[in-house]
Each structure stands twice: as structure tokens, then as C-alpha cells.
Amino acid sequence: MLDLKKITESVQKSLGNVTKRIIICAGTGCVANGSLKVFNAFIKSADELGVKISVELKEEKGKTNLLSKSGCQGFCQMGPLVNILPSGILYTKVKVEDVKEILEKSIKADEVIERLCYNDNGKVCKGQNEIPFYQKQSRMVLKQCGVVDPENIDEYIFDGGYRAAKKACIDMTDKEICDVVLAAGLRGRGGGGFPTGKKWDLTRVQQRDKKYIICNGDEGDPGAFMDRSVMEGNPHSVIEGMIIAAKAIGADEGYVYVRTEYGLAVERMKKAVEAAVQKGVLGKNIFGSAHNFTLHVMEGAGAFVCGEETALIASIEGKRGMPSPKPPFPAQSGLWEKPTAINNVETLATVPLVINYGADSFRQLGTPQSPGTKTFALTGQVLNTGLIEVPMGTTLRQVVFDTAGGVTDEKGKVDDKNFKAVQIGGPSGGCLTKEHLDLPLDFDSLKKVGAMVGSGGLVVMNQNTCMVKMAKFFMQFTQNESCGKCVLCREGTRQMLLMLEDITEGRADENTLTLLEKLAKAVQVGSLCGLGKTAPNPVLSTLRYFRDEYNAHVKDKRCPAGECSNLVNYSINDKCLGCTACARKCPVGAIAGTLKKQHVIDTVKCIKCGVCLDTCKFNAVVRG
Amino acid sequence: MEAGYSKFDRVCQIIEENNYDKSKLIPILQAVQNEYRYLPEEILAFIASSLRISPARVYGVATFFAHFTLKQKGKHIIKVCDGTACHVKKSTNLINTIKNKLALKDGEFTTKDMLFTLETVSCLGACGLAPVMVVDEDVFGQVTPDKVIQIIDSILKQEAAQ
């Protein structure tokens, strides 16, 4: 039988011989920036310099340094990240050329290489605990992401893993588990905010021979990657949450449904399930209890609507991912008509924390109605993009100006006056503006202003973002993704998109806005599932908060943000010194001119990408 | 003729591995697409009869999900992310630049020489590096229009050298 204590002791023993630990972030962002090359450079250079390095945690003869890959450490824009323990040094933007120096100075000796540290306005931050981006967060669910090796189950166990599952399987009844989760006030992190304990209890009371638990890892929201990071960085926490959920509802089989676009998450989830089966964490009589649990990993095939639970179930059954009316709820009749509980990745990864620390302790963070923490994918025009986790109820101001380090302008410089709006909750969500900066981010207060937590995508926009174009973007998305079952969703979103196109391309009049609003409300009412019901949200919330901008497009045929290409023209004025920089950067060769003479833009060829404007150092390119 | 038969060998194997289970239709189509790089019509029909389901159902599933493609794709696949974050960071410019560079007209996604296919994807989940683009297996972050040209040129150069 699985002996957690023995594994922990064995890891402890192996770690005893480890002098230093070098953890390289291998989340998608850092990999894109070349972190795997850095990883390989460490192995090669260590060899050359005679530094002993192991890439696997096992008992070694004599002292060694451990080099491992981790999941997303969150600070994506600063990648590749290299973390050195126990000193806690964090190096940012590490290149292959830096590796030798790191080995010489930081591994052989204990020196800090300042130029590789994060620089906060002139202050060198040596590690995570000195970097404002991390200081302002409360990492609970993400705590182990970026530390434990996601491909090593022993490390997870060493770090306290599978204790909650054991406790739930052996010491708790199904009802007790539901009660604790309900008392903790854990609400679904997928966006809806439904009480998890209640969902489980509804499934638990069904008297049926077979039940299922499903983890929804479909995360189709553009601009969100929290679930991806958890699955990549700490897949065992999701499995542990599923074991607990399965026990609570009385299920012996489960599915992790992962987006196919998330190749690394699929791979890591599969490896984690295999490892868990080998250790006996999954299978029959888990931890010597009467509880059996088999877990499958299923890859999605690219359909946003599959985030909708009934659609997700249909696709596991091998059908088109179309939602069906509720009731019956999946809790009563779900996968193959058996009672089924579907939870989001982050929710399930939070469950072990609730079981380990208890309901009261869980409630210490967050608000009374929305306890705990929430991860957000912070993107757009801010200094520090990445993955963050803050207590529920943190204000938008704190997130944007403290954690994210402020709003940036087109050239990437911080300029807080440039703040325009935050789009929250993806295509189902809405916009927040300056007046909402002190609004606490939690399920209920966001709902009140016509937005929602959604899956937690936070896209910060500056003055150069056109809100109408933004609304059109989301409409395009939901229109593409509509499964087509409901007429209002299928045709209504299409008409809404056409109207938005008319607006951004200068063909609309004031009636268009009235019609658009009317239709938006009809789509909300006339659609069956969450996709259609929430599809008009971005339009309605931008119409509510940025009416002026819509009016400018409609009445004056002008795009104030300068983004709608039909309503914008680029030209070069007499400030031009003829440096040719813009002509060289222009991707379509639309700029002509000779050296030291004023250049001209060919408006027919111009694709209005604005690269010339960004390139020109003399403010000679004008957008009008 | 022989080639025609061997074409079905792999699909037979895939169906067998999935125990002729019709609920495994999506994993089967995925494996088939990995093998053939698209879903040829005759293979869809073959899958339908093997699983004893209607060709309409197979076709329905194959056309419903964005990941599946019924058309042959080019040798190099350029995926431009048009998720929210990338969109805010002007991914449209990248798409226009690529279309221009590859001389793709509206509604065309694959170049005539079958060398490139351009796709836009809803979100790659690397939003911190927006705008993002994936060429074959390589992810490029914080891409600019002139960087796109460089990337395509370097592929063209490699192709010419072969």
C-alpha cells in the first residue's frame, strides 16, 4: 500500500544531498522565450565547469545540485525565469550566454548577479519576496506551481500532497466532505460561482449505481490561461481534488477534459495520471479504503461551447458538443445519463487546501460571500503581464497599479493616465472603467456592474484601444463559436456582428445603435446556454460605459482610439527628416522617399498597422 | 493500388486501439488527423462503417470542432493567436502582414504551392507574451510585423536550400 510518509522520507534523504536547486520555468511563456535552451545550456556548461548537477531527484553519492523544470511561475513577460534555492534568487530574461556566469557565481559561490535580477525602478530585487509583482499576491493554489517538478509525483507528496485525499478517503464520510466544502464557501472558479459543496451534495444524494466526476479543463476563453498553468505546473493537485470530489459524490470514474491546444497540459496530465496509477493513488481501494477511482484524460477538439457542461458531456460521449436544456441537471443525469459533477480545474485544485486546513482557515482570505483566492490571467497594456493569485475582494486598482505595475502606453512605458478599461471574464464578461477601480473583485460585486469573474481573464486596455472594435472582437468570437442550436444565438450574434462591422467601418447611423441594443437583449433572453446568454455582455457593457465612442463612430465617422482602419489614415508631415526608418520597417512597402527627404505613405498599399508611427522618433507620422 | 490499401492500415489500427467504441469518435478523429494531417473524406466514411454509426454523425463531429480539418494543409502551418490579449496587442496587423507576404486573397488560407497555411486561433494561452504566433512547433512571443517577415523569409530560405 502507498506509504506517503516513506516517500516523503526518501525525498527528504535525497534532498539532503542537494546543495542548490536550480528551477527553470518551463511554462508555455518561458518555453516560447527559450527556457528549454537555457535548461540544456545548464547541463552542458555544468559539465564543462565541473559543477555536479543532477536532473532527477534520486539518492546520490555525495553532494550535488538539482536542476529541474517547473510549471508556470507566473511572471511570464520576464521569462525565461531561473529560480535558485535555497537562497531564493530569481533571475529574469536569462539567456543561454548567461548560464556559465550563473554557475560560476551563484552556484559555485553565493553571489548574486545583479544585472539578471528584476529591476524595479532602479531597485534590484533579488528574489520573489522583493519583487512587487509577487509581494502583492497570496499564492495558495499556485503555491506549488513553479516549485515542484510537475512530472515527479514524489515531489508533490513530499510537499504535503495527497494527504487531503487520504484524509477524505479514510477519515471522512461523503457527507462530511460536502459539508466542509460548503462551510468553506468554495465557489466554482470557472466563472459561475456556484457553491461547490452544494453541487457535490446534489450529486451525492442521487441513488444510482454509477456516477462520474469531470474536470473541465477546456478553458476556451481568449485571454485566460490559469487552468493551463495549474495543469502544467501542478497536475497532481487537480487529481487530488478529483479523488476527493469522487469520494464525496460516490463516483468511481472520472474524466479530465483538456483543450487540445494545450499540448503541454495534456502531456503533463497524462503523465501525472500514469504516475498516480503506478503509486496506487488511483485505482482500487485507494489508501486502503473501499474507494475506487479510475481517471481518464480526454483531449478536446476546439469548441468554446464545450465549456458549457452539457456540451462537454456530449463531446465525451463522442457527439457534437451541443448543450442541452437543463433540467435535468448533470447532477441528476449527466454523462451516459448517470449523475455527474463537473468542476473547473482551479476549483478542484483548491479542494485539497480546504480539506487540509478546514473551512474556517479557508475563510480567512477573501470576502464572506466569496472566500479564498482567485487566479487571474493578467494581460494587455500593463507593465507586468502574467499569472496572479489574489484574495477575492482585492480591488481592481490594486491589481492593475500594484501587482501589474501600472498601465503602459504604445511604447511600453508606464503611464497610469493612459488607463482606459479592463475587460474581465472574457466573451461572457464585461468592461470595467475608471469608476470601478475601487470595486472589489468578487463574484457578487462584479455581477452588480454587469461584468463577471468569468474564468478570470483580465485584459487591461489603454487609450489606444477602441472599445467598439473590442466589442466586435468578442462578437466575432462568440458568433464563430455558437453551436447553432438556438436561432437567436446563431442568427442574432451574426446580425450583431454585422452591425458592429457597419459601425467600425463607418456605414452605421444612430438607428444601428438602438437596434444593436435591442437585439443584444433578445439574444440574452432567447438563448439556451451560457454562451448565448452572455454573448451580448461585452457589447452591452461597452455601450453602457463608452457610449461616446460609439457615437463618434456613428455620427462623426471617427475612431477616437485610431484603431478602426476604415476611419483612420496615416500620413507623414514636414517633421520628417528622411531617416528611412519607417520605410524599412513598413511590412508592405507602402512608404516611399529618398534619404534626407520627406517620405510619403501610399494610402492604397497601407494596411494601417501603425508600425511607422511606433518607429518614428521625430513624431512625423500622424494618425488622423 | 497498393498505396490505396495501405492508406487504411493506420486508420484500422487506430480504430482497433479504441476498441471500436463509438464514444471514442473524437480521440479517433484526432489520431487520424495526426496521421494524415487532415481528415480525408473516404477515411471518414470508413470510420463511420467501422464504428457502425452514420457518416452524417462522423461528418457532423468532424465539422463541428475547430481542431478538425477536411482540407489538406500546407507544409508549414502558421498559427496567429487572436485571443483577447493578442488582439489588444494588434495581432490583426500580423495576420494582414502574413496575408500580404504570402499573397493570400480573402478566404484563402493555404498558398498555391502548398508551402504555407495561415490559421488564426482563439487563444494559445500564452497571453503574457502577446501577440503570439506559432510556426509549426515553435512559439514566438511579442511578434511584430517585421519579425513575421523575417520568420517567413528564413523558412523560404531553408526551403530553397533543400
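Rules and cut-offs
- Residues numbered from 1 in each chain as written.
- Chains lettered and ligands numbered in written order.
- Predicted model: local features only at pLDDT ≥ 70, side-chain atom pairs only at ≥ 80, totals over all residues.
- Heavy atoms only, no water.
- Helix = DSSP H or I, 4+ residues; strand = E, 2+ residues; numbered from the N terminus.
- Salt bridge = Lys/Arg side-chain N within 4 Å of Asp/Glu carboxyl O.
- Buried < 20%, exposed > 50% of the residue type's maximum accessible area, 1.4 Å probe, protein only.
- UniProt positions renumbered as here; feature names shortened; annotations may be inferred.
- Contact = heavy atoms within 4.5 Å.
- Polar contact = N/O pair within 3.5 Å; in protein donor to acceptor, adjacent residues only side chain to side chain.
- Pairing = 2+ DSSP bridges.
- Axes fitted to C-alpha atoms, helices over the stretch in contact; angles between N-to-C directions.

## Overview of unusual backbone geometry
Item 1. At the junction of L85(A) and P86(A), the peptide bond is cis and its omega measures out at 5 degrees in the coordinates.
Item 2. Along the chain, the position of P86(A) falls in the loop between β4 (82-85) and β5 (89-91).
Item 3. Going from A130(B) to P131(B), the amide bond is cis rather than trans, its omega being -10 degrees.
Item 4. Of note in the backbone geometry, Y20(B) takes a positive phi value of approximately 55 degrees without being a glycine.
Item 5. Among the secondary structure elements, Y20(B) is positioned in the loop between α1 (2-17) and α2 (25-36).

## Quick notes on the pattern of salt bridges
All names here are of chain A.
Item 1. Evaluation of the coordinates by the stated rule reveals 38 salt bridges over all chains.
Item 2. Measuring nitrogen to oxygen at the nearest pair gives 3.1 Å for the salt bridge that ties K175 to D179. Remark: D179 and K175 occur in helix α8 (residues 174-184); sequence separation between them is 4 residues, near one turn of the helix.
Item 3. Look at K175 and you get partly exposed, because its relative accessible area is 37%.
Item 4. Ionic pairing is found between D252 and K210, a salt bridge with its closest N-O pair at 3.1 Å. A residue pair is termed long-range when its members are at least 10 positions apart, and D252 in the loop between α11 (235-249) and β9 (253-258) and K210 in the loop between α9 (196-204) and β8 (212-217) qualify at 42 residues.

## Looking at the UniProt feature "binding site: [2Fe-2S] cluster" (unreviewed entry) in chain B
Residue and element names in this part refer to chain B.
Item 1. UniProt's feature table lists "binding site: [2Fe-2S] cluster" (unreviewed entry) at C81, C86, C123 and C127, given in the numbering used throughout. Considering the C-alpha atoms alone, the annotated residues occupy 47 residues of sequence yet fold into one spot, their largest mutual distance being 9.1 Å.
Item 2. Turning to its location among the elements, C86 is positioned in helix α5 (residues 84-88).
Item 3. C86 gets classed as buried once you look at its relative accessible area, which sits at 3%.
Item 4. Sequence-distant contacts of C86, defined by excluding residues within four places in its chain, comprise C81, S91, A130, P131 and V132.

## Considerations on the side chain of K211(A)
Residues and elements named next belong to chain A.
Item 1. Following the sequence through the fold, K211 ends up in the loop between α9 and β8.
Item 2. For K211, the side chain forms a polar contact with the main-chain oxygen of T203, separated by 3.2 Å.
Item 3. A distance of 2.9 Å separates a polar atom in the side chain of K211 from the backbone oxygen of R204.
Item 4. Ignoring anything within four residues of it in the chain, the contact list for K211 reads T203, R204, Q206, I249, G250, A251, D252, E253 and P339.

## Digging into the sheet that holds strand β12 (residues 373-380) of chain A
All names here are of chain A.
Item 1. With mixed pairing, 5 strands are arranged side by side in an open sheet as β13-β12-β16-β14-β15. The two strands at the open ends of the sheet, each matched to only one other strand, are β13 (386-391) and β15 (430-433). Sheet twist, expressed as the average angle between the axes of neighbouring strands with direction ignored, equals 30 degrees.
Item 2. Note that strand β14 (residues 419-424) and strand β16 (residues 457-462) share 5 bridges and pair antiparallel. Residue pairing in the sheet places A421 in a bridge with M461 of β16.

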